[in-house]
Amino acid sequence: MPDVIARTDLIGADFARLRQGALAQAAEHGLTIAQDDKTGIRVDTYYGRIGFAPLDGGARAEIFAPHAGHLQVLKDALVAQIGAGFPKIAQRIRWNDAPQKGQLPANVNVMTVASVAPLRGGFLRVTLRGDVSRFSDDAIHFRLAIGPQGRPMQWPTVGANGATQWPQGADKLHLPVYTARSVNHDAGTLCLDLFEHEGGRATQWASTVPIGSEVLVTNPGGGGCRISGEISGFADETGFPAVARILEANPDLTGRFTLYPGQEAAAHYPFPDHAGVEIAFAAPGTQAMMADAARAAICERCPPFLWFVAERNQASQVRAEWRKAGHAVRGAYISAYWQWLEE
């Protein structure tokens, strides 16, 4: 049973449109619809349950979550969803649990940098120390907040409508997503492997950050590392740490990962040995062929479980092919770990 509940009345909102939006989100992400009738709709997510109910003059939104961190994630998502169709209503949202405007969001933690060390394959292993109680095999990805160079770090706060307010303008934070390569709950440490991109903000930060510095980390989400049966995987170097963790967590897994290093050095990343999974490397610099290779695998022989991580446009192509073939959303993990920026 969820431990925390929040609700708010949305005066002027159209329940029918909110319901259609919830159904679309459920279809896109393979979520379970727990209720859909004249009294309202409720959808189950990894973070908890969200629901909408008709109300005279509008609608009511409710969130059920196991703890305050997940509640904040769902508030952010719901405010964004409502804001897409009813921006003025989204700004007027006031939750019954009366969030304290200006406080640090419940789904972020301040940690300290314990060490930074070079790793084979052109990676840096960054070890952070702090509260890692939310990290598990069920959710292995998180955001690392990096402030602008030469400016004091500004923390995010909770706005009056309950949504996270991130610093903007010159204080805007860089929020890359990383995989928790390993977590030691006894020691309170979290390790991430950061690929060294020349000129990259995260690379510059990791190369120069003083030991003991504070850094902001979001609670984990974005999929777990427990997979059973046979896997057909595709990843560029941004996904190598996640592949390594999957290999460690699933000794009975079978199948194959085809990896696409952008540079030859990345092929030397230290993957754990695994008796049942083959690791094959494509030629360096052939990342543009990843989506075509995965789409061919879908068409020629439907993989028991497809695992694909790469650039956003490639992930979208593979996701579309998977759906076109009529396969279940839960039969694949297809995710964008980075995105080309337009010049």
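A brief look at the structure comes next. (Residues numbered from 1 in each chain as written. Predicted model: local features only at pLDDT ≥ 70, side-chain atom pairs only at ≥ 80, totals over all residues. Heavy atoms only, no water.)

1. With respect to the pattern of salt bridges
Next, step 1: The tally for this structure, following the rule as stated, stands at 15 salt bridges.
Next, step 2: Here Asp97 and Lys75 are joined by a salt bridge, their closest N and O atoms 2.9 Å apart. With a gap of 22 residues between them, Asp97 in the loop between α3 (87-92) and β6 (108-119) and Lys75 in helix α2 (residues 68-85) connect regions that are remote in the sequence.
Next, step 3: Among the residues examined, Lys75 registers a relative accessible area of 4% and is labelled buried.
Next, step 4: Residues participating in the shared-partner salt-bridge network are Arg7, Arg42 and Glu62. (Salt bridge = Lys/Arg side-chain N within 4 Å of Asp/Glu carboxyl O. Helix = DSSP H or I, 4+ residues; strand = E, 2+ residues; numbered from the N terminus. Buried < 20%, exposed > 50% of the residue type's maximum accessible area, 1.4 Å probe, protein only.)

2. What about the sheet that holds strand β3 (residues 40-44)?
Next, step 1: Read across the sheet, five strands follow the order β1-β5-β4-β3-β2 without closing on themselves; strand pairing throughout is antiparallel. Strand pairing shows two members of the sheet lacking a second neighbour, β1 (4-11) and β2 (32-37), which therefore form its edges. Sheet twist, expressed as the average angle between the axes of neighbouring strands with direction ignored, equals 10 degrees.
Next, step 2: Of the strands in this sheet, β1, β2, β3, β4 (49-55) and β5 (58-65) touch helix α1 (residues 15-29), which is tilted by about 25 degrees from β3.
Next, step 3: Each of β1, β4 and β5 touches α2; the most contacted strand, β5, lies at about 155 degrees to it. (Pairing = 2+ DSSP bridges. Axes fitted to C-alpha atoms, helices over the stretch in contact; angles between N-to-C directions. Contact = heavy atoms within 4.5 Å.)

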